[in-house]
Amino acid sequence: MFKAEKLYVCGHRGARGVRPENTMAAFLYAVRGGVKMVETDIHMSSDRRLMLMHDDSLDRTTDKTGLVRELTYDEIRTADAGDGERVPTLEELFEGTAGIDGLIYNIELKDYAETEGKDFAFESVDRVMDTVEKYGLSERCVLNSFSKTLLEYAHAKAPGKYAMHGFFPFFHMFGQGGDPFSYLTNATVFNSAEGPDGRPVRSDDPIAPFDTYSSLAEKGVTPWLPSMVRDPAFVITLLGRGVRVVTSDNPVALSKALGLV
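Residues numbered from 1 in each chain as written. Predicted model: local features only at pLDDT ≥ 70, side-chain atom pairs only at ≥ 80, totals over all residues. Heavy atoms only, no water.

So what about the overall build of the protein? Which residues, and what values?
Broken down by element type, the protein carries nine helices and 11 strands. A compact globule built from 261 residues would reach a C-alpha radius of gyration of about 18 Å, and the protein, at 17 Å, matches this within 12%. Each of the 261 residues in the protein was classed as buried or not, and the buried ones make up 54%. Across the protein, every contact between residues at least 6 apart in sequence was considered, and the portion connecting residues at least 24 apart equals 59%. If you sum the accessible surface of the protein, you get close to 10,900 Å²; carbon and sulfur atoms cover 48% of it. (Helix = DSSP H or I, 4+ residues; strand = E, 2+ residues; numbered from the N terminus. Rg over C-alpha atoms; globule rule 2.2 N^0.38 Å. Buried < 20%, exposed > 50% of the residue type's maximum accessible area, 1.4 Å probe, protein only. Contact = heavy atoms within 4.5 Å. Areas by Shrake-Rupley, 256 points an atom, 1.4 Å probe, with all protein chains shown as cover.)

See the structure below:
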């Protein structure tokens, strides 16, 4: 199971600030620039291919429309995801970056039981885990979701095998499930409060009170910083509070600023 023992910059959707998000161009830009962790999102197509797509539809990030779950792989591949790039699969990501030594894959599970139904959502998780096992990458993969339902399902299927990532405060997470501390190994920390409707209200300042990070670390959950944190000085300061990963839309630039590449 992966555990961050040093500081990582994680390329958010590859490098969404400088390349079309969740495309091979974005992932290769990040890893060729020395980035050692990339984040991506999974939605399963109607013919059960694992497509790298943040939204549940093609509408925002491509020149096509429609829900991923209702389209076939071939239909999705006709879409231009930006600069002529195609929507890749999880297999393509693994194969296209196979030569990058020690690269960590942060995989966000986004087929939610609440919208896709439990059967579809759990099959998506099963196929993700089966693909990771096929490529022998469980030690270099983090399973990530806002859904407690999906993370608990993955944990129950392979207890202790995968690094599991959620979001803190835990009111950012949804779905059925018990105490996230029982399975999480990592959590991105937002500086937010719970609104009267139970929904998060984020502060304009992305840095939470410093003791939030150290408190999580003391409970065995490694705190991560979200992509809104861009100041290298804060990243360095929070290393002393247990932070080991910062997500970035421009990961190569941040890695250089932190002296990691």
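Now, about helix α5 (residues 118-134): what can you tell me, with residues and values included?
Between its terminal C-alpha atoms α5 stretches 24 Å, which fits the 24 Å expected from 17 residues at 1.5 Å a residue. Those residues of α5 that sit buried are F120, A121, F122, S124, V125, V128, M129, T131 and V132. Just downstream of α5 lies G136, where phi reads positive at about 65 degrees. (Expected span 1.5 Å × (residues − 1).)

Summarise unusual backbone geometry; cite the residues concerned and give the values.
Cis peptide bonds are those with omega within 30 degrees of zero, and the linkage from F168 to P169 qualifies with 0 degrees. A positive phi angle is found at N22, which is not glycine, with a value near 55 degrees. Along the chain, N22 falls in the loop between β1 (8-11) and α1 (24-32). Even without a glycine there, the phi angle at D83 is positive, about 55 degrees.

Tell me what's going on with the pattern of salt bridges, and back it up with residues and numbers.
Enumeration according to the criterion identifies 13 salt bridges in this entry. The closest approach of N and O atoms between R60 and D55, which form a salt bridge, is 2.8 Å. Measuring nitrogen to oxygen at the nearest pair gives 3.9 Å for the salt bridge that ties K157 to D130. Here the residue K157 occupies a position in helix α6 (residues 148-157), and D130 occupies one in helix α5, the gap between them amounting to 27 residues. The class of K157 is partly exposed, set by a relative accessible area of 37%. Exposure remark for D130: the relative accessible area of 47% places this residue in the partly exposed category. One network of salt bridges, with partners in common, ties together R13, R16, E21, D55, R60 and D249. (Salt bridge = Lys/Arg side-chain N within 4 Å of Asp/Glu carboxyl O.)

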